[in-house]
Each structure stands twice: as structure tokens, then as C-alpha cells.
Amino acid sequence: MDNNTLSETSKFLSYILRHKPAAIGLQLDTEGWADINSLIIGAAKEGRILDQAIIQTVVNSSDKKRFTLSEDGQHIRAAQGHSTPDVDLQHIEKKPPEFLYHGTATRFLESILQQGLIAGSRHYVHLSQETQTAIAVGLRYGKPVVLKIESLRMYQQGFTFFRAENDVWLTRHVPNFFIYQD
Ligand code: HQG
């Protein structure tokens, strides 16, 4: 499979497994799992040809380990990033490191420094342990800027943090007084 097809298929799977399973008549369970056969059948109805091998290739080649296969190999889910209300993935709660980072675009700064970081349409605010990841995330929306979050101080004050299967850190909201421009 060439890189374009790979990336396009990965985006399709992200869209279906995080945001709109109903677009292909697919049902996810509350932990976000989809039956792979149903996924293949649903996709085919929309003219998109998938099979086990293609799905396996996308899962294996995902730089961010976006997808997880179940142990029986018959189910797949997105590791994080959901917006669909069907899913309430029980991420593992974890004590965060002293600082975590959030990449965004400069044009969102003013609003973020006023309201703090909000999850928007997703279930959580996404944070990373390294600044490089944050820069790449910020680049998606324009000129990137990296925000440094006082995650340990938040945790000590009762905020909950989770670490997804692919090491993305999640929390519900980051008030502005824990946010610094790096
Ligand atoms: C911004 C990708 C104005 C926030 C990445 C972001 C990530 C505010 C945008 C994952 C705001 C939401 C998630 C406020 C937050 N005012 N703007 N108060 N609070 N924002 O895409 O974190 O490649 O929903 O800074 O790697 O950018 O898809 O979240 O710019 O891990 O696997 O609102 O998506 O992963 O955008 O990205 P998103 P995100 P994948």
C-alpha cells in the first residue's frame, strides 16, 4: 500500500472510530470497540474496500499508535480522540509528570489564555510529554505555539489525568492559571 492510501485510510478509520461510526451504520461499544467484520461491511457499502490485511497494515504503521486491536483480533478501537457520545472509554488514571505540553496555533492563544484549554468537541483536552509532539499538533491549525501546563500542580489540587494506550495524556479542562507559554 502506498503512503497516500495508508494515510487516507487511517484518516477514514479515525473519523469512523472517533467521531461518526453511524456514517457507515457501525455501532461502537462504550469502550470504543468496533467489530472488524461489521466495519469492513459498513465501509464497503460506502464504496471503500477494506480487509483484515489493510486494517492490520494501518494499525501497525500508525506513527502515533492511533488504533488498538483486541486480543482476539476481531475488534478495533481508536486509542483516544473520541467525540462520539456512544463511547465513554475508561482511560487509565495516572499521576502526571511535573509538566505536560499542548500544541496549538497562535490564533487560539488569546481565547485559551482567557478560558483555559477546553475539550471542544472531543471528550478531553490532549496533552503530550514532549514538546516536539506538541509542535506537530499545533502545526495542524496554523503557526504553532507550545503551551506548558503545570500538570503535577493540577493533580495535587484534585484534577484527574489519564494516559491513553498510545501515551497521549488527557484531562477534562485546564484552567488558564496552570498554562504558560513555553
Ligand atoms: C484549541 C491529533 C480556543 C486547541 C493530535 C486545539 C492530538 C481552544 C483545538 C489530537 C481553546 C481543538 C487532538 C480555547 C482549546 N479557545 N481554542 N479556550 N481550548 N483550543 O483537534 O489537541 O493525528 O480537537 O488548542 O495529535 O489539536 O488525529 O484537539 O487547537 O493528539 O491522531 O482547540 O488529534 O491526533 O482541536 O488534537 P482538536 P488537538 P491525530
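Residues numbered from 1 in each chain as written. Predicted model: local features only at pLDDT ≥ 70, side-chain atom pairs only at ≥ 80, totals over all residues.

(A) Structural context of the overall build of the protein. The number of helices and strands found in the protein is six helices and twelve strands. Along the three orthogonal principal directions, the C-alpha set of the protein runs to about 50 × 30 × 25 Å. Here the protein holds 182 residues, and the buried ones make up 30% of them. By sequence separation, contacts in the protein at least 24 residues apart represent 75% of the contacts at least 6 residues apart. (Helix = DSSP H or I, 4+ residues; strand = E, 2+ residues; numbered from the N terminus. Buried ≥ 20, exposed ≤ 12 C-beta atoms within 10 Å, placed from the backbone. Contact = placed C-beta atoms within 7 Å.)

(B) A look at the site of the ligand. Surveying the vicinity of the ligand reveals 17 residues, the closest of which are Thr 104, Phe 108, Ser 111, Gln 115 and His 126. Elements that contribute at least two residues to the shell around the ligand include exactly helix 4 (109-115) and strand 6 (117-118). For the shell around the ligand, a count of residues per class yields seven nonpolar, seven polar and three charged. Taken together, domain 1 (3-78) and domain 2 (92-181) each give at least three residues to the shell around the ligand, which thus spans both. (Near = placed C-beta within 6 Å. Nonpolar A, V, L, I, M, F, W, Y, C, P; charged D, E, K, R; others polar. Domains from an automatic or database assignment.)

(C) Region of interest: the sheet that holds strand 1 (residues 34-35). Reading across from one edge, 1-3-2 is the order of the three strands in this open sheet, with antiparallel pairing throughout. Each of the sheet's edge strands pairs with one partner strand only, and the pair in question is strand 1 and strand 2 (67-69). Two elements, strand 2 and strand 3 (residues 75-78), share three bridges in a ladder whose sense is antiparallel. Bridge pairing in strand 3 places Phe 67 opposite Ala 78. (Pairing = 2+ DSSP bridges.)

(D) Just the domain arrangement of the protein, in detail. Segmentation of the protein into domains returns domain 1 (3-78) and domain 2 (92-181). Relative placement of domain 1 and domain 2: their C-alpha centres are 27 Å apart.

(E) Structural view of helix 2 (residues 36-45). Listing the buried residues of helix 2 in full gives Ile 36, Leu 39, Gly 42 and Ala 43. Take helix 2 and look down its axis: the buried residues cluster within an arc of 125°, on one side only. Residues Asn 37 and Lys 45 are exposed on helix 2 and point more than 90 degrees away from its buried face. Residues of helix 2 that are buried make contact with strand 1, helix 3 (52-61) and strand 3. Looking one or two residues beyond helix 2, the residue adopting positive phi is Gly 47, at roughly 80°. (Arc of directions from axis to C-beta.)

(F) Fine view of the pairing of strand 5 (residues 100-105). In terms of residue burial, strand 5 counts as a mostly covered element, since five of its six residues are buried. Summarising the sheet, strand 5 and strand 8 (residues 144-149) pair through six bridges and their orientation is antiparallel. Directly across from His 102, in strand 8, lies its bridge partner Leu 147.

(G) Quick look at the environment of Ile 92. Here Ile 92 is to be found in strand 4 (residues 92-93). Here the alpha-carbon distance between Ile 92 and Arg 163, two residues 71 residues apart in the chain, equals 5.8 Å. Ignoring anything within four residues of it in the chain, the contact list for Ile 92 reads Phe 162 and Arg 163.

(H) Structural detail: the nonpolar core. Ranked by internal contacts, the top residues of the largest apolar core, which has 35 residues, are Leu 17, Ala 34, Phe 67, Ile 76, Tyr 101, Ile 149 and Trp 169. Elements that contribute at least two residues to this core include exactly helix 1 (3-19), helix 2, strand 3, strand 5, helix 5 (131-139), strand 8 and strand 10 (169-171). In this structure, this core is formed jointly by two domains, domain 1 (3-78) and domain 2 (92-181), each of which donates at least three residues. Apart from residues lying up to four places away in sequence, Leu 17 is in contact with Gly 32, Ala 34, Ile 76, Arg 77 and Ala 78. (Core = buried A, V, L, I, M, F, W, Y, C linked by C-beta atoms within 7 Å.)

(I) Up close: the sheet that holds strand 9 (residues 162-163). Here we have four strands laid out as an open sheet, ordered 4-9-10-7, and antiparallel in their pairing. Two strands close off the open sheet at either side, each with one partner strand: strand 4 and strand 7 (125-127). By the bridge criterion, two bridges tie strand 4 to strand 9 in an arrangement that is antiparallel. Within the sheet, the bridge partner assigned to Glu 93 lies in strand 9 and is Phe 162.

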